[in-house]
Amino acid sequence: MNTQIQTIPRARSTQLILTRGDLGLYAVTVFAWTTSWIALKLQVGPVPVEVSVFWRFVIAAVCMLGWALATGRATRFGWRDHLRFALLGACLFSVNYYCFYHGGKHLASGLLAVIFSLASVFNLLMGAALIRERIDGRLALAALMGCAGIALMFWPEIVKTEFDRHALIGLAFGVAGTLCFCAGNMLSGSNQRRGLSVVSANLWGMIYGAVFMGAIALLGERDFHIDWAPAYVLSLLWLAIIASVIAFASYITLLGRIGAARAGYATVMFPVIALAISTVVEGYEWTLAALLGLIAVLAGNLIVLTGRREASRP
């Protein structure tokens, strides 16, 4: 049974500034996941959340299978690797989405954006706690600047939110979804250190993610129908192919190259680009607080992208 497992040598302690390849992966990730917020809005309708996410990762898994077969990636693995893939599927390809969709029922999108931007901080803390990575002071500063900047940009939404029982439920869902995403980051890094192909790991992770969401839909007695309206179908394909296959392949590859802490800053950039799109499409009006927030986010981004690459662990 071919599992393509190999030992990855210890990286040198000092590495170069991010390469053009790293920056390219970062740009692809930010673009793909930023535009996914528009597609997500078009998914809201008669199809239950669980069913939409189920079909998203069924389509994505089929695309990943074609990619794996075309490039000769391994598709057969032992049970220990499948346990890793199942956990990856739960963290990155199902439960995190389930949490954020339901969090959105109770909280404004601005607060959800702020919560998700905390992934840049959680990645730092998880890396220190779980794999004993040293917390880089520059990255910690950049993460805090990014989170503060996002909070300023969405300040009008935040101050209007009444923190009652429903808001607290939404907050809990948002934090749980972010923690799932960050746990998936740690798992992805671990898989790559074991020599597991990103394509193979994503393939099985998406399969397990679809299974988990299908099980949740069955428990909720949901109908697995598809809305054949053009807006729903096109947004579903965009989410499955661009925001799942391409974006996750780019992000997880980037994570393995520069580390979870630095790659996680991409989560801070999503709402910034989304607001830029909203400025053109929906007439979003910039305030002084929003402009200050934008400056803070971009300054943090500059720190992240001009620092030295993290040394990978054995």
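Computed from a prediction, not measured in an experiment: that's the story for all the values here.

About the thresholds
Residues numbered from 1 in each chain as written. Predicted model: local features only at pLDDT ≥ 70, side-chain atom pairs only at ≥ 80, totals over all residues. Heavy atoms only, no water. Helix = DSSP H or I, 4+ residues; strand = E, 2+ residues; numbered from the N terminus. Buried < 20%, exposed > 50% of the residue type's maximum accessible area, 1.4 Å probe, protein only. Contact = heavy atoms within 4.5 Å. Areas by Shrake-Rupley, 256 points an atom, 1.4 Å probe, with all protein chains shown as cover. Core = buried A, V, L, I, M, F, W, Y, C linked by side-chain atoms within 4.5 Å. Expected span 1.5 Å × (residues − 1). Salt bridge = Lys/Arg side-chain N within 4 Å of Asp/Glu carboxyl O. pLDDT = per-residue confidence, 0-100. Axes fitted to C-alpha atoms, helices over the stretch in contact; angles between N-to-C directions. Parallel < 35°, antiparallel > 145°, perpendicular 65-115°, else oblique. Left-handed = near helix turned anticlockwise from the far one by under 90°. Nonpolar A, V, L, I, M, F, W, Y, C, P; charged D, E, K, R; others polar. Phe/Tyr/Trp six-rings, centres within 6.5 Å; stacked < 30°, edge-to-face > 60°.

Visitor: Looking at this structure, I do not really get the overall build of the protein chain. What am I missing?
Guide: Secondary structure assignment for the protein chain yields 14 helices and zero strands. N-terminal to C-terminal, the α/β element order of the protein chain is α-α-α-α-α-α-α-α-α-α-α-α-α-α. The 314 residues of the protein chain split such that 51% are buried. For the protein chain, restricting intrachain contacts to residue pairs at least 6 apart in sequence, the fraction spanning at least 24 positions comes to 90%. A total accessible area of about 14800 Å² is found for the protein chain, and carbon and sulfur atoms account for 68% of it.

Visitor: Whenever I open this one, the nonpolar core confuses me. Can you help?
Guide: Soluble globular proteins tend to bury their nonpolar side chains together. One finds Tyr26, Trp33, Phe57, Ile150, Phe181, Tyr265 and Val297 to be the most contacted residues of the largest nonpolar core, which totals 86 residues. Here this core gets 11 residues from one element, more than from any other, and that element is helix H11 (residues 230-258).

Visitor: Just checking my understanding: could you explain helix H14 (residues 288-306) for this structure?
Guide: Because an α-helix completes one turn every 3.6 residues, residues spaced three or four positions apart along the sequence face the same direction. In this model H14 runs 27 Å from its N-terminal to its C-terminal C-alpha over 19 residues, within 8% of the 27 Å that 1.5 Å per residue would give. Burial in H14 covers these residues: Ala290, Gly293, Ala296, Val297, Gly300, Asn301, Ile303, Val304 and Leu305.

Visitor: Just to check I follow, could you spell out the pattern of salt bridges for this structure?
Guide: Should their charged atoms come close, side chains of opposite charge can pair. Enumeration according to the criterion identifies three salt bridges in this entry. Here arginine 222 makes a salt bridge to glutamate 50, at a shortest N to O gap of 3.8 Å. In this pair, arginine 222 sits in the loop between helix H10 (198-219) and H11 while glutamate 50 sits in helix H2 (residues 49-70), placing the two residues 172 residues apart along the sequence. Judged by relative accessible area, which is 37%, arginine 222 ranks as partly exposed.

Visitor: Help me out: how do you make sense of the confidence of the model for the protein chain in this one?
Guide: Low pLDDT marks stretches whose predicted atomic positions should not be read closely. On average, the protein chain scores 82 in pLDDT, and the residues at 70 or more come to 89%. Scored below 50 in pLDDT, residues 1-16 makes 36 contacts in the model with residues more than four places away or belonging to other chains. Scored below 50 in pLDDT, residues 309-314 shows 29 contacts in the model against residues more than four places distant or in partner chains.

Visitor: Explain the packing of H10 against H11 to me, please; I cannot follow it from the model alone.
Guide: How two helices sit against one another is set out by the angle between their axes and by the gap between those axes. Viewed as axis vectors pointing N to C, H10 and H11 meet at an angle of 130 degrees, and their least axial separation amounts to 10 Å. By the angle class used here, H10 and H11 are oblique. Handedness of the H10/H11 crossing: right-handed. In this structure, H10 contributes Val198, Asn202 and Met206 to the contact, and H11 contributes Ser244, Val245, Phe248, Ala249, Ile252 and Thr253. Its residues assigned to classes, the contact of H10 with H11 comprises six nonpolar, three polar and no charged.

Visitor: Is there a simple way to explain the packing of aromatic side chains in this structure?
Guide: Geometry of an aromatic ring pair is reported as the spacing of the ring centres plus the angle between the planes. With the rule as written, the count across this model stands at 14 aromatic pairs. Taking 5.1 Å as the distance between ring centres and 85 degrees as the angle between the ring planes, the aromatic pair formed by phenylalanine 77 and phenylalanine 85 counts as edge-to-face. The same class applies to phenylalanine 77 as to phenylalanine 85, namely buried. Clustering of aromatic rings is evident, with ring pairs tying together Trp33, Phe57, Phe93, Tyr97, Phe100, Phe116, Phe181, Phe248 and Tyr251.

Visitor: Looking at this structure, how should I read the environment of serine 120?
Guide: Among the structural elements, serine 120 can be located in helix H6 (residues 119-130). Taking the C-alpha atoms as reference, serine 120 lies 8.5 Å from alanine 140; in sequence the two are 20 residues apart. Not counting residues up to four positions away in its chain, the partners in contact with serine 120 are Ala143, Cys147, Gly264, Tyr265, Thr267 and Val268.

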